[in-house]
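Structure assessment
The primary structure of each chain is shown beneath.
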Amino acid sequence: MSEKQDNAEVSNEKSDRYLIKVSESPPSLEECSNFVNHPACGAISTFVGITRDNFQGKTVAKLSYEGYIPMAEKELRKVCEEVCEKYPSIVRIAAVHIIGDCPVGQASVILAASSPHRKDAMHCVEFLIDELKARVPIWKLEVYEGDEGSVWKENIEWHNGQKKRVMVKES
């Protein structure tokens, strides 16, 4: 049986193909990895976005995320379906994002993809994070320690309400 035939059998199980969750308590990296693990796959690629403790000389206390969960999950599903069209060997995907407070050191987003070979899984995760940041309606408030206040952050993938991938910071 060819790789494409193997994937076609898995693809028919649409409800079992994606783990999509936007929540105050999203699944862990281990749960996401376990979900995408499949006997037909030799590769699992993951991306974990972690809250860092600093930004441009300011001490970050936490990130706080807001979003309309049904719309965010619907858009995440669309992104998953698009990436599976682009990389048809992808067998399973986990795409989870926190809503609410995310302290320093904690994961805010976890993406995982499995495929028979590494390249498609790796490209899939890259596509997922870029499209998630550009399209999924989740907003980030960066909260600083002390009297530094807080600021709503615009993803670099968006500029003036339009999708735009910025590769280098302008001086």
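Before reading further, recall that the structure is shown in the block above.
Throughout what follows, the structure given in this document is the object of discussion. Here the structure is a predicted model, which is why all the values come from computation and not from measurement.

Next up on the list: the pairing of strand β8 (residues 138–144). For β8, the tally of buried residues reaches six of seven residues, placing the bulk of the element in the interior. When strand β4 (residues 58–67) meets β8, the two strands line up antiparallel, connected through seven bridges. Each residue of the ladder has a partner; that of V60, found in β8, is Y144. Examined bridge by bridge, β8 and strand β9 (residues 150–153) share four bridges and lie antiparallel to one another. Pairing of L141 across the sheet is with W152, part of β9. What sits between β8 and β9 in their antiparallel hairpin is a turn of five residues, with G146 showing a positive phi close to 65°.

The next subject is the packing of helix α4 (residues 69–86) against helix α5 (residues 118–135). Between α4 and α5, whose axes approach to 10 Å, the crossing angle comes to 145°. For α4 against α5, the interelement crossing comes out right-handed. Each of E75, L76, K78, V79, C80, E82, V83 and K86 in α4 lies in contact with α5, whose residues at this interface are C124, F127, L128, E131, L132 and R135. The residue inventory of the contact of α4 with α5, partitioned by class, reads eight nonpolar, no polar and six charged.

A few words on unusual backbone geometry. One non-glycine residue, Q56, lies in the positive phi region at around 45°. With respect to the secondary-structure elements, Q56 resides in the loop between β3 (54–55) and β4. Given the relative accessible area of 59%, Q56 is considered exposed.

What follows is about the sheet that holds strand β7 (residues 107–115). With respect to topology, four strands assemble into an open sheet ordered β1-β5-β7-β2, the strand pairing being mixed. The sheet is open, and its two edges are formed by β1 (18–23) and β2 (43–50), each paired on a single side. Shown here is a sheet whose adjacent strand axes are inclined to one another by a mean of 5°, direction ignored. Here strand β5 (residues 92–98) pairs with β7 via six bridges, running antiparallel. Bridge assignment links R92 to a residue of β7, and that residue is S114. Relative to the sheet, helix α3 (residues 29–36) contacts β1, β2, β5 and β7, its axis offset from that of β5 by approximately 160°. Against the sheet, α4 makes contact with β1 and β5, and its axis sits at roughly 150° relative to β1, the strand it touches most.

Conventions adopted
- Residues numbered from 1 in each chain as written.
- Predicted model: local features only at pLDDT ≥ 70, side-chain atom pairs only at ≥ 80, totals over all residues.
- Heavy atoms only, no water.
- Buried < 20%, exposed > 50% of the residue type's maximum accessible area, 1.4 Å probe, protein only.
- Helix = DSSP H or I, 4+ residues; strand = E, 2+ residues; numbered from the N terminus.
- Pairing = 2+ DSSP bridges.
- Axes fitted to C-alpha atoms, helices over the stretch in contact; angles between N-to-C directions.
- Left-handed = near helix turned anticlockwise from the far one by under 90°.
- Contact = heavy atoms within 4.5 Å.
- Nonpolar A, V, L, I, M, F, W, Y, C, P; charged D, E, K, R; others polar.

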